[in-house]
Amino acid sequence: MYSMKCSKDEQFEQGQLTRYGNIELSPSAGVLNYGQGLFEGTKAYRKEDGNILLFRPDQNAIRMKIGAERMCMPCPSIDQFVDAVKQTALANKRWIPPAGKGTLYIRPLLMGSGPVLGLAPAPEYTFLIYASPAGNYFKDGLAPLSLYVEDEYHRASPGGAGGVKTISNYAPVLKAINRAKNRGFSDVLYLDCLHKKFLEEVSSCNIFIIKGNVISTPATNGTILPGITRKSIIEIAKDLGYEVEERLIPVDELVNADEVFCTGTAVVVAPVGNITYQDKRIEYITGAQSVSWKLYSNLVGIQMGLIRDTKGWTIDIQ
């Protein structure tokens, strides 16, 4: 794993690789007491020729920088971040599955590791990256998801931190996820907290709906995480001739949608087979002829080096 430290008023300088293992923190560390922390997620892919590709790690670096500003933390530069991801991927290359069999999931963390008893920014910060081989995020693999529209619990609120990848955005959704899974659903689709009628996102991924040639996704207005897979799929869809809209999407539009799918680093592009809202179940098109499958195939083709990358999204590190 890779780690780098700096104090509150300094900049990150030189990090180092060490064996994966436990870390030591003060009981009064800012991250433990006040949730002053961010995380990112990216992947390393093994190509057919054995070489290793990274996918848009600079975008993760930019998103972490935006989040660090919101959470009052110093942050590694974009170059430092990308170099650290490269080093971590290469140091763990034996754990990268063969082409098409999985990926190496890479988890950068930025946290207030210094002790602070009163509510204030921590005096010291740690940037850390570890990695793990990964298969499909959902237990049913590439099977279509079954979502439940949550109208009691909310993921984020205007003026909050829903638009950055702070650690404190994730534990609060566990109760809703557990309740949905106990009812047989894959995950939860959240609505906005003000009107309770506009789509926001799923617990750990963005959502898209398709009607005809138009692909729509909720606009990132501060309560929705600007996903890197989301951003990539928007570009790919436009290249393929689809009209893409980023806007407010009333939950009622789910009834007439042809397809629904989710995007994220972990889930990639996951088709949604059905959504249940107020005890009404709506079914959607899935399968090899679907638009979401076409988008998935194009994205994964670029990520694995099977389709020529004309956008400069991938970095060959071996």
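Everything below is about the structure shown above.
These numbers come from a predicted model, not from an experiment.

**Q** Now, about the nonpolar core: what can you tell me, with residues and values included?
**A** One finds Ala-44, Ile-106, Leu-110 and Phe-127 to be the most contacted residues of the largest nonpolar core, which totals 29 residues. Elements supplying a minimum of two residues to this core: β1 (2–7), β5 (52–55), α2 (57–70), α3 (78–91), β6 (103–112) and β7 (124–134). Residues in contact with Ile-106, not counting those within four places in the same chain, are Glu-40, Gly-41, Thr-42, Lys-43, Ala-44, Leu-54, Val-85, Ala-89, Ile-129, Tyr-130 and Ala-131.

**Q** Give a detailed account of the pairing of β5, specifying residues and quantitative values.
**A** Here β5 shows a buried face lined by Ile-52 and Leu-54 and a second buried face lined by Leu-53 and Phe-55. Taking the residues that link successive antiparallel strands as the turn, the strand β4 (residues 42–46)-β5 hairpin has five residues, and the phi of Gly-50 there is positive, at about 95°. Two elements, β5 and strand β17 (residues 314–316), share three bridges in a ladder whose sense is antiparallel. Bridged to Leu-54 within β17 is Ile-315.

**Q** Outline the side chain of Asn-92, supporting the account with residue identities and numerical values.
**A** Relative to the helices and strands, Asn-92 resides in the loop between α3 and β6. On the basis of relative accessibility, which here comes to 17%, the residue Asn-92 falls in the buried class. Non-local contacts of Asn-92, meaning those with residues more than four positions away in its chain, are made with Leu-104 and Ala-131.

**Q** Residues and numbers for helix α4 (residues 174–182), please.
**A** Looking at α4, one finds that the buried residues are Ala-176, Ile-177 and Ala-180. Down the axis of α4, the buried side of the element spans an arc of 100°, and every buried residue falls inside it. Facing away from the buried surface of α4 by more than 90 degrees, the exposed residues are Lys-175 and Asn-182. In this fold, the buried residues of α4 make contact with β8 (145–150) and β9 (187–191). Phi for Gly-184, located one or two positions after α4, is positive at around 95°.

**Q** So what's going on with the pattern of salt bridges? Residues and values would help.
**A** Enumeration according to the criterion identifies 15 salt bridges in this entry. Between Lys-311 and Glu-235 there is a salt bridge whose closest N-O contact spans 3.5 Å. Taken together, the residues Lys-311 in the loop between α6 (291–303) and β17 and Glu-235 in helix α5 (residues 228–239) connect sequence positions 76 residues apart. Through salt bridges with shared partners, a single network forms among Arg-56, Glu-235, Asp-239 and Lys-311.

**Q** Before we move on, can you summarise the environment of Ser-26 with the specific residues and values?
**A** Structurally, the position occupied by Ser-26 is in the loop between β2 (16–17) and α1 (30–34). Overall, Ser-26 belongs to the partly exposed group, its relative accessible area being 25%. Sequence separation between Ser-26 and Ile-307 is 281 residues, and the spatial gap between their C-alpha atoms is 48 Å. For Ser-26, the contacting residues outside a window of four places in its chain are Leu-32 and Pro-115.

**Q** Which residues make up α5, and what values go with them?
**A** Taking 1.5 Å per residue, 12 residues should reach 16 Å; α5 reaches 17 Å between its end C-alpha atoms and fits that length. Those residues of α5 that sit buried are Ile-228, Thr-229, Arg-230, Ser-232, Ile-233, Ile-234, Ile-236 and Ala-237. Looking one or two residues past α5, Gly-241 carries a phi angle of roughly 95°, positive in sign.

**Q** If you had to explain the packing of α5 against α6 to someone new, which residues and values would you point to?
**A** Direction vectors running N to C along α5 and α6 enclose 110°, while the axes themselves pass 10 Å from each other. By the angle between their directions, the pair α5 and α6 is classed as roughly perpendicular. You can see that α5 and α6 cross each other, and the crossing is right-handed. Here α5 contributes Thr-229, Ser-232, Ile-233, Ile-236 and Ala-237 to the contact with α6, which in turn contributes Leu-295, Asn-298, Leu-299 and Ile-302.

**Q** Outline the environment of Ser-203, supporting the account with residue identities and numerical values.
**A** Here Ser-203 shows up in the loop between β10 (199–202) and β11 (206–211). Taking the C-alpha atoms as reference, Ser-203 lies 19 Å from Ser-216; in sequence the two are 13 residues apart. Once you skip the residues sitting within four places of it in the chain, Ser-203 turns out to touch Arg-155, Tyr-170, Val-173, Ile-177, Asp-187, Val-188 and Tyr-190. Here Asp-187 takes part through its side chain, which lies 2.6 Å from a polar atom of the side chain of Ser-203.

Rules used in this analysis
Residues numbered from 1 in each chain as written. Predicted model: local features only at pLDDT ≥ 70, side-chain atom pairs only at ≥ 80, totals over all residues. Heavy atoms only, no water. Core = buried A, V, L, I, M, F, W, Y, C linked by side-chain atoms within 4.5 Å. Buried < 20%, exposed > 50% of the residue type's maximum accessible area, 1.4 Å probe, protein only. Helix = DSSP H or I, 4+ residues; strand = E, 2+ residues; numbered from the N terminus. Contact = heavy atoms within 4.5 Å. Pairing = 2+ DSSP bridges. Arc of directions from axis to C-beta. Salt bridge = Lys/Arg side-chain N within 4 Å of Asp/Glu carboxyl O. Expected span 1.5 Å × (residues − 1). Axes fitted to C-alpha atoms, helices over the stretch in contact; angles between N-to-C directions. Parallel < 35°, antiparallel > 145°, perpendicular 65-115°, else oblique. Left-handed = near helix turned anticlockwise from the far one by under 90°. Polar contact = N/O pair within 3.5 Å; in protein donor to acceptor, adjacent residues only side chain to side chain.

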